[in-house]
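Now for the letters of each chain:
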Amino acid sequence: MFLRDSKPRPGLLATLILVFGAIACDDPFAAFLGDVPLEPTETTLFDYETAPLADPPAFDIARAVPARVDQTLNWDFLFRIRSGVPELVPFSAVADSVTDSGLLMADERFEAVLEAPEEGYTLNAALAIRPGDVLIGRSRIDPTQFLACSRYAKFRILDVDLEAGTLTFEHLVNPNCGDTVLEPGEHGSI
């Protein structure tokens, strides 16, 4: 009688789904988290000191895209060639402000890096790089997000062309705020 005579209640149904979802899962927020991409994305950056202004020298970990430093301060590291040495330089090493953006040289193969550490990043000094190097990156704290936290990524240097002034690397960026998991197809929890 109750079910036959009552009108559908979408709010009640949504509440029941959320309650049962929270009870049934170890992590009630898992449905809202994205996985680390299955395949790395390849990106090319251009030497900050010699490239035309239109060619992006920087990378924004939070959005997983190259960035032009003349258009935004939303980037985490840039590529430059200084005295013939290719370098990745965290934001705080070239800007007047301090951020959590940092890089860490990994001792493991790209595929073996499954989780990023929360500490130990170089924040204010350039890191010399060469093809084959694997790095872990932490983004600046992204104030546009509901939670104020960093994103994590892993990078493999594929090619450095000193004559052309380019760096090509591949990356996997965890799309979730504060999630240190870097294993393809996986995510951590909030």
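Look above for the structure.
Fair warning: this is a prediction, and the values are worked out from it, not measured in the lab.

### Quick notes on the overall build of the protein
Right, on to step 1. For the protein, the count of helices and strands is three helices and 10 strands.
Right, on to step 2. The helix and strand sequence of the protein, counted from the amino end, reads α-α-β-β-β-β-β-α-β-β-β-β-β.
Right, on to step 3. Per-residue burial over the protein gives 38% buried out of 190 residues.
Right, on to step 4. Nonlocal contacts in the protein, meaning residues at least 24 apart in sequence, comprise 56% of its contacts between residues at least 6 apart.
Right, on to step 5. On the protein, roughly 10,900 Å² of surface is accessible, and the fraction owed to carbon and sulfur atoms is 56%.

### Observations concerning the side chain of Arg-140
Right, on to step 1. Examined against the element boundaries, Arg-140 turns out to sit in the loop between strand S8 (134–138) and strand S9 (152–161).
Right, on to step 2. Among the polar contacts made by the side chain of Arg-140, one reaches the side chain of Asp-60 at a distance of 3.0 Å.
Right, on to step 3. Not counting the four nearest positions on each side in its chain, Arg-140 is found in contact with Asp-60, Ala-62, Arg-63, Asn-74, Trp-75, Asp-76, Thr-99, Asp-100, Ser-101, Cys-149 and Ser-150.

### What to know about the packing of aromatic side chains
Think of a pair of aromatic rings as described by two things: how far the centres are apart, and how the planes are tilted against each other in angle.
Right, on to step 1. Under the criterion given, the structure shown has eight aromatic pairs.
Right, on to step 2. When the ring of Phe-59 is compared with that of Phe-169, the centres are 5.4 Å apart and the planes differ by 80°; the resulting orientation is edge-to-face. Residue Phe-59 is found in strand S2 (residues 58–60), and its partner Phe-169 is found in strand S10 (residues 166–173); the two are separated by 110 residues along the sequence.
Right, on to step 3. Accessibility expressed as a relative area gives 1% for Phe-169, which makes it buried.
Right, on to step 4. By way of ring pairs, the aromatic residues Phe-59, Phe-77, Phe-155 and Phe-169 are connected into one cluster.
Right, on to step 5. Directly above the aromatic system of Phe-110 lies the positively charged group of Lys-154, at a separation of 4.8 Å from the ring centroid.

### Topic: the pattern of salt bridges
Right, on to step 1. In this structure the tally under the stated criterion is nine salt bridges.
Right, on to step 2. Between Glu-111 and Arg-109 there is a salt bridge whose closest N-O contact spans 3.9 Å.
Right, on to step 3. Of the residues examined, Glu-111 reaches a relative accessible area of 42% and is grouped as partly exposed.
Right, on to step 4. Here Arg-156 ties to Glu-170 by a salt bridge, and the two come within 2.3 Å at their closest N and O atoms. Residue Arg-156 is located in strand S9, and its partner Glu-170 is located in strand S10; the two are separated by 14 residues in the primary sequence.
Right, on to step 5. Linked by salt bridges that have partners in common, Asp-60, Arg-63, Asp-76 and Arg-140 make up one network.

### Considering the sheet that holds S10
Right, on to step 1. Taken together, five strands build an open sheet; the order of strands is S1-S10-S9-S8-S6 and the sheet is antiparallel. In this open sheet, the two edge strands, each paired with only one partner strand, are strand S1 (41–46) and strand S6 (102–105). Between one strand axis and the next, the sheet turns through 35° on average, direction left out of account.
Right, on to step 2. By the bridge criterion, six bridges tie S1 to S10 in an arrangement that is antiparallel. Within S10, the residue paired with Phe-46 across the bridge is Thr-166.

### A look at the state of the cysteines
Right, on to step 1. Inspection of every chain in the model, using the stated rule, returns one disulfide.
Right, on to step 2. A sulfur-sulfur separation of 1.5 Å characterises the disulfide bridge that pairs Cys-149 with Cys-177. Taken together, the positions of Cys-149 in the loop between S8 and S9 and Cys-177 in the segment after S10 put the pair 28 residues apart, joining distant regions of the chain.
Right, on to step 3. Here Cys-177 falls in the buried class, since its relative accessible area comes to 19%.

### What about the pairing of S10?
Right, on to step 1. Most of S10 is tucked away: eight of the eight residues are buried.
Right, on to step 2. Alternating residues of S10 divide into Thr-166, Thr-168, Glu-170 and Leu-172 and Leu-167, Phe-169, His-171 and Val-173, and every residue in both groups is buried.
Right, on to step 3. Across eight bridges, the pairing between S9 and S10 is antiparallel. Bridge pairing in S10 places Ile-157 opposite Phe-169.

Thresholds applied
- Residues numbered from 1 in each chain as written.
- Predicted model: local features only at pLDDT ≥ 70, side-chain atom pairs only at ≥ 80, totals over all residues.
- Heavy atoms only, no water.
- Helix = DSSP H or I, 4+ residues; strand = E, 2+ residues; numbered from the N terminus.
- Buried < 20%, exposed > 50% of the residue type's maximum accessible area, 1.4 Å probe, protein only.
- Contact = heavy atoms within 4.5 Å.
- Areas by Shrake-Rupley, 256 points an atom, 1.4 Å probe, with all protein chains shown as cover.
- Polar contact = N/O pair within 3.5 Å; in protein donor to acceptor, adjacent residues only side chain to side chain.
- Phe/Tyr/Trp six-rings, centres within 6.5 Å; stacked < 30°, edge-to-face > 60°.
- Lys NZ or Arg CZ within 6 Å of the ring centre and 35° of its normal.
- Salt bridge = Lys/Arg side-chain N within 4 Å of Asp/Glu carboxyl O.
- Pairing = 2+ DSSP bridges.
- Axes fitted to C-alpha atoms, helices over the stretch in contact; angles between N-to-C directions.
- Disulfide = S-S within 2.5 Å.

These results come straight from atomic positions and should not be treated as a statement about function.
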